[in-house]
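Chain by chain, the residues:
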Amino acid sequence: MPKVMMMCGKLCSGKSTRAEQLRKENGAVILSVDEIMLALFGPDAGEKHDEYVTRIQSWLFRKSLEILDSGVNVVLDWGFWTRQLRESAVRFYAGKGIDYEFHYIAIDDEEWRRRIERRNQAVLDGRSDAYYVDEGLAAKFQSVFEPPDPEETDRHWVRS
């Protein structure tokens, strides 16, 4: 039976790298909000960014069902930054009898800053089409991210 693997962690924590490993190990398809956002809107969707992210996530949840129904595993490569989004995902998949797991990538603040600097340099050098993370964006994500607490981590959680 196919399963869905959801990446949880701050931006620049290594989620996409781990998602690629999971794709190869599990014969999965990666569904990425950032990939779609960047393809459609480039590096800046302006004031509608958060609205577009929500709409894309909703569409990707539905699209994942089609892929899973075809017998293929799915990796959702977005951060699942809030407990509310994680709980919604659990209700969505568990309610349909679909096997799921979260892969949490914990990262300390010092390493997080180093990775942001490396990513930003790669963007500036033209080696990456990822988002450039300025101080404002870093602060926004720092304030939004809710690490999973022991109460919500169960047998469906994997520390990557």
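Look a little higher up for the structure.
Criteria and thresholds
Residues numbered from 1 in each chain as written. Predicted model: local features only at pLDDT ≥ 70, side-chain atom pairs only at ≥ 80, totals over all residues. Heavy atoms only, no water. Pairing = 2+ DSSP bridges. Helix = DSSP H or I, 4+ residues; strand = E, 2+ residues; numbered from the N terminus. Axes fitted to C-alpha atoms, helices over the stretch in contact; angles between N-to-C directions. Expected span 1.5 Å × (residues − 1). Buried < 20%, exposed > 50% of the residue type's maximum accessible area, 1.4 Å probe, protein only. Arc of directions from axis to C-beta. Contact = heavy atoms within 4.5 Å. Parallel < 35°, antiparallel > 145°, perpendicular 65-115°, else oblique. Left-handed = near helix turned anticlockwise from the far one by under 90°. Nonpolar A, V, L, I, M, F, W, Y, C, P; charged D, E, K, R; others polar. Core = buried A, V, L, I, M, F, W, Y, C linked by side-chain atoms within 4.5 Å.

Draft legend 1. How the structure looks around the sheet that holds strand E4 (residues 99-104). Pairing in this open sheet of five strands is parallel, and the strands run E2-E3-E1-E4-E5 from one edge to the other. Both outer strands of the open sheet, strand E2 (28-31) and strand E5 (157-159), are each paired with one neighbouring strand and no more. Geometrically, the sheet is characterised by an average inter-axis angle of 25° between neighbouring strands, direction not taken into account.

Draft legend 2. Summary view of helix H4 (residues 83-94). For H4, spanning twelve residues, the distance from its first C-alpha to its last is 16 Å, which sits close to the expected 16 Å at 1.5 Å a residue. Those residues of H4 that fall on the buried side of the exposure criterion are Leu85, Arg86, Ala89, Phe92 and Tyr93. The buried residues of H4 all sit within an arc of 125° when viewed along its axis, so they share a single face. Turned more than 90 degrees off the buried face of H4, the exposed positions are Gln84 and Arg91. Among the structural elements, strand E1 (3-8), helix H3 (49-69), strand E3 (73-76), E4 and E5 are those in contact with the buried residues of H4.

Draft legend 3. Main features of the packing of helix H2 (residues 33-41) against H3. Viewed as axis vectors pointing N to C, H2 and H3 meet at an angle of 125°, and their least axial separation amounts to 10 Å. Regarding the angle of H2 to H3, the classification is oblique. The handedness of the crossing between H2 and H3 is right-handed. Each of Val33, Ile36, Met37 and Phe41 in H2 lies in contact with H3, whose residues at this interface are His49, Tyr52, Val53, Ile56, Gln57, Trp59 and Leu60. Class assignment for the residues of the contact of H2 with H3 results in nine nonpolar, two polar and no charged.

Draft legend 4. The arrangement of the nonpolar core in detail. Counting 30 residues, the largest nonpolar core has Val4, Met6, Phe61, Leu76, Phe80 and Tyr93 as its most contacted members. Within the residue set of this core, elements represented by two or more residues are E1, H2, H3, E3, H4 and E4. A per-element tally of this core places H3 first, with seven residues. In this view, Phe61 contacts Leu76, Trp78, Phe80, Leu85, Ala89, Phe92 and Tyr93; residues no more than four positions away in its chain are not counted. With eight residues, the next largest nonpolar core counts Trp112, Val133, Ala138 and Phe141 among its residues.

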